[in-house]
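Structural description and commentary
Residue-level listing of the chains:
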Amino acid sequence: MSASVDAIVQDCLAVRIRLIGRAVTSLYDGALEGHGVTIAQVNLLAALGKVGPCPPSRLGEVLQLERSTVSRNLHLLLNQGWIEASASDAKGMREVALTGAGRAKIESVMPQWRQAQQQAARLLGAGVAAVREIAGGMGYPPGA
């Protein structure tokens, strides 16, 4: 085996962060399964609730998501009635806003979200503080 292969397998932070990210996402998605929503969608709703009506690109900036990912998820949320296109044109949604149904969806998932939050905190242990600090340095949460 080459030294380069060993170095990557033994030391790569990217693969470890992705493994942890998938494990944490799985915890939340499992907890939210009965609500017909993923943690990515809940976070999009929450970000929209925090930022207020805004262009989809703003949500992409806040959550550091690609435009196609934001667009795909916004269409799903729109179809559920959890968001509305408060301004649109031939090119699509110019501005989106959280609806009352979207706020109700956030409230309805809170018991399961809290349960997943506790499980994720146990999984991460002392790493929780580091995750919050790193995300804070990247500008999350918005308006903090």
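We now turn to the structure provided with this report. (Residues numbered from 1 in each chain as written. Predicted model: local features only at pLDDT ≥ 70, side-chain atom pairs only at ≥ 80, totals over all residues. Heavy atoms only, no water.)

Counting residues in each nonpolar core, the largest one holds 26 residues, and the members touching the most others are L45, L48, L59, L74, L77, I83 and V96. Listing elements by their share of this core, those giving two or more residues are α2 (13-32), α3 (39-51), α4 (56-63), α5 (67-80), β2 (92-98) and α6 (100-124). Element by element, the count of residues in this core is highest for α3, at six residues. Not counting the four nearest positions on each side in its chain, L74 is found in contact with L44, P56, L59, I83, M93 and V96. (Core = buried A, V, L, I, M, F, W, Y, C linked by side-chain atoms within 4.5 Å. Buried < 20%, exposed > 50% of the residue type's maximum accessible area, 1.4 Å probe, protein only. Helix = DSSP H or I, 4+ residues; strand = E, 2+ residues; numbered from the N terminus. Contact = heavy atoms within 4.5 Å.)

A word on the pattern of salt bridges. Charged atoms that come close allow side chains of opposite charge to pair. As enumerated under the stated definition, the model contains one salt bridge in all. Note that R58 is salt-bridged to E61, the shortest N-O span being 3.7 Å. Remark: E61 and R58 occur in helix α4; sequence separation between them is three residues, near one turn of the helix. With relative accessibility at 33%, the residue R58 sits in the partly exposed group. On the basis of relative accessible area, E61 is assigned to the exposed category, the value being 53%. (Salt bridge = Lys/Arg side-chain N within 4 Å of Asp/Glu carboxyl O.)

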